[in-house]
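# Working through the structure, step by step
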Amino acid sequence: MPPKRKAQDGNVNIQSRATKRNKTNDKQPESSQKAQKQHPKKTNEDKNQGNDVTPMYRHWLLKSEPNSRLENGVDMKFSFDDLKKSPSQTSCWDGVRNYQARNFLRDQMKMGHEAFFYHSNCKEPGIIGLCKVVKESYPDYTQFDPKDPHYDHTSTKDNPKWFMVDVKYVRPLQRFISLAELKKAHQDHVRNGGPLCNLALFTKARLSVQPLTQEEWDFILKMEQRDGK
DNA sequence: GCCAACGTTGGC
DNA sequence: GCCAACGTTGGC
């Protein structure tokens, strides 16, 4: 199902790699996905996996940093514009190292699912555009690269710990929806009831891959039409 | 740059 | 399995 097939794997896997994303999709051993079935040891990883009872989601919010920031000498910058400029306007979403976020990437993000592209750790945090899943769960290769800031020596190719998906640029929002505006709506909905009362942006603020209910998604998309603030 | 909130680690 | 120490996230 991989729709587009960029050049072969030839391209260098080096570039902006952020806490979550970076370059384009390259082909990965999709076959090794079966490895994810295995859970040889039950440690605190398992207790962190306990979100499998949550409903299945079809909408997402992905955080990325639009400004340069070095982590072990590697620039974490990956803006919405960087996604647009990526080959095929597509990038893998690598570098996620949180079990809850990993589980969403691995288990729930499916072809065609849409996501808000959120700019974090910047002057004006907020949602800037839309992207969509164009390739489902496969091992995040950065976990195997000792030079990568997100290298994980405890992970093996036979039993990879971290996964990623590919996302493709869809469109910018008609207007930027700032965190401040979302927070106002959220706080109002907490007090008076409303679809954003449990928005993960505020209830699970540190999650970099966040699920949205249909109602949350629809409400935020409608904010796009309103006149700012 | 500060720091609150929260996730992870490891001793016990 | 508890919990203190530590590390990270990310708004401000």
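All values reported here derive from a predicted model rather than from experimental measurement.

## Examining the overall build of chain A
- For chain A, the count of helices and strands is six helices and eight strands.
- Listing every helix and strand of chain A by position from the N terminus yields α-β-β-β-α-β-α-β-β-β-α-α-β-α.
- Going through the 229 residues of chain A one by one, you find that 50% of them count as buried.
- Within chain A, counting contacts between residues at least 6 apart in sequence, those at least 24 apart form 74% of the total.

## A closer look at the nonpolar core
- Core analysis: the largest hydrophobic core is formed by 21 residues, its most contacted members being Leu62, Leu83, Trp93, Met109 and Val209.
- Of all the secondary-structure elements, those providing two or more residues to this core are β1 (59-64), α2 (80-85), α3 (99-108), β5 (114-119), β6 (126-139) and β7 (163-178).
- Core analysis: the next-biggest nonpolar cluster, separate from the first, contains 17 residues, Leu61, Ile127, Ala185 and Phe219 among them.

## Digging into the protein's contact with DNA strand C
- The environment of DNA strand C is formed by twelve residues, the closest being Lys63, Tyr118, Asn121, Lys183 and Arg206.
- Those atoms of DNA strand C that come within 4 Å of the protein belong to sugar or phosphate at a rate of 83%.
- Contact between DNA strand C and lysine 63: a phosphate oxygen at 2.6 Å from a side-chain N or O atom of the residue.
- Separating a base oxygen of DNA strand C from a side-chain N or O atom of arginine 206 is a distance of 2.7 Å.

## Points about the packing of aromatic side chains
- Applying the stated criterion across every chain, the model contains nine aromatic pairs.
- When the ring of phenylalanine 80 is compared with that of phenylalanine 117, the centres are 5.1 Å apart and the planes differ by 55 degrees; the resulting orientation is tilted. Taken together, the residues span a long stretch of sequence, with phenylalanine 80 in helix α2 and phenylalanine 117 in strand β5 at a distance of 37 residues. As far as the burial class goes, phenylalanine 80 and phenylalanine 117 line up, both buried.
- Geometrically, the ring pair formed by tryptophan 93 and phenylalanine 117 is edge-to-face, given 5.6 Å between the ring centres and 90 degrees between the ring planes. Linking tryptophan 93 in the loop between β4 (90-92) and α3 with phenylalanine 117 in strand β5, this pair joins segments that are 24 residues apart in sequence.
- Note on tryptophan 93: relative accessible area 0%, which makes it buried.
- Ring pairing ties together the aromatic residues Phe78, Phe80, Trp93, Phe117 and Tyr169, which thus form one cluster.

## Focus on the sheet that holds β6
- Taken in spatial order, the six strands of this open sheet run β4-β7-β6-β5-β1-β8, and their pairing is mixed. Each having just a single partner strand, β4 and β8 (209-212) make up the two edges of the open sheet. This sheet shows a mean twist of 35 degrees between the axes of neighbouring strands, independent of strand direction.
- Of the pairings in the sheet, the one linking β1 to β8 comprises four bridges and is antiparallel in character. Within the sheet, the bridge partner assigned to leucine 62 lies in β8 and is valine 209.
- On the sheet, helix α4 (residues 179-192) packs against β5, β6 and β7 and is oriented at approximately 85 degrees with respect to β7.

## Quick word on helix α6 (residues 214-223)
- Taken residue by residue, α6 has Glu216, Trp217, Phe219, Ile220 and Met223 as its buried positions. Along the axis of α6, the buried positions cluster into a sector of 165 degrees, meaning they face one direction only. Of the exposed residues in α6, the ones pointing more than 90 degrees away from its buried face are Glu215 and Lys222.
- Packed against the buried residues of α6 are β1, β5, β6, β7, α4 and β8.

## With respect to the confidence of the model for chain A
- Of all residues in chain A, 76% attain a pLDDT of 70 or more, and the chain-wide mean is 82.
- Residue range residues 1-52 is modelled with pLDDT below 50. Its contacts to residues more than four positions away, or to other chains, number 128 contacts.

## Considerations on the pairing of β6
- Counted residue by residue, β6 has eleven buried out of 14 residues, so it is predominantly covered.
- Of the pairings in the sheet, the one linking β5 to β6 comprises six bridges and is antiparallel in character. Following the sheet pairing, alanine 115 is matched in β6 by cysteine 131.
- Hairpin remark: β5 followed by β6, antiparallel, with six residues in the connecting loop; positive phi at asparagine 121, about 55 degrees.

Each value, and the rule that gives it
- Residues numbered from 1 in each chain as written.
- Chains lettered and ligands numbered in written order.
- Predicted model: local features only at pLDDT ≥ 70, side-chain atom pairs only at ≥ 80, totals over all residues.
- Heavy atoms only, no water.
- Helix = DSSP H or I, 4+ residues; strand = E, 2+ residues; numbered from the N terminus.
- Buried < 20%, exposed > 50% of the residue type's maximum accessible area, 1.4 Å probe, protein only.
- Contact = heavy atoms within 4.5 Å.
- Core = buried A, V, L, I, M, F, W, Y, C linked by side-chain atoms within 4.5 Å.
- Near = heavy atom within 4 Å.
- Polar contact = N/O pair within 3.5 Å; in protein donor to acceptor, adjacent residues only side chain to side chain.
- Phe/Tyr/Trp six-rings, centres within 6.5 Å; stacked < 30°, edge-to-face > 60°.
- Pairing = 2+ DSSP bridges.
- Axes fitted to C-alpha atoms, helices over the stretch in contact; angles between N-to-C directions.
- Arc of directions from axis to C-beta.
- pLDDT = per-residue confidence, 0-100.

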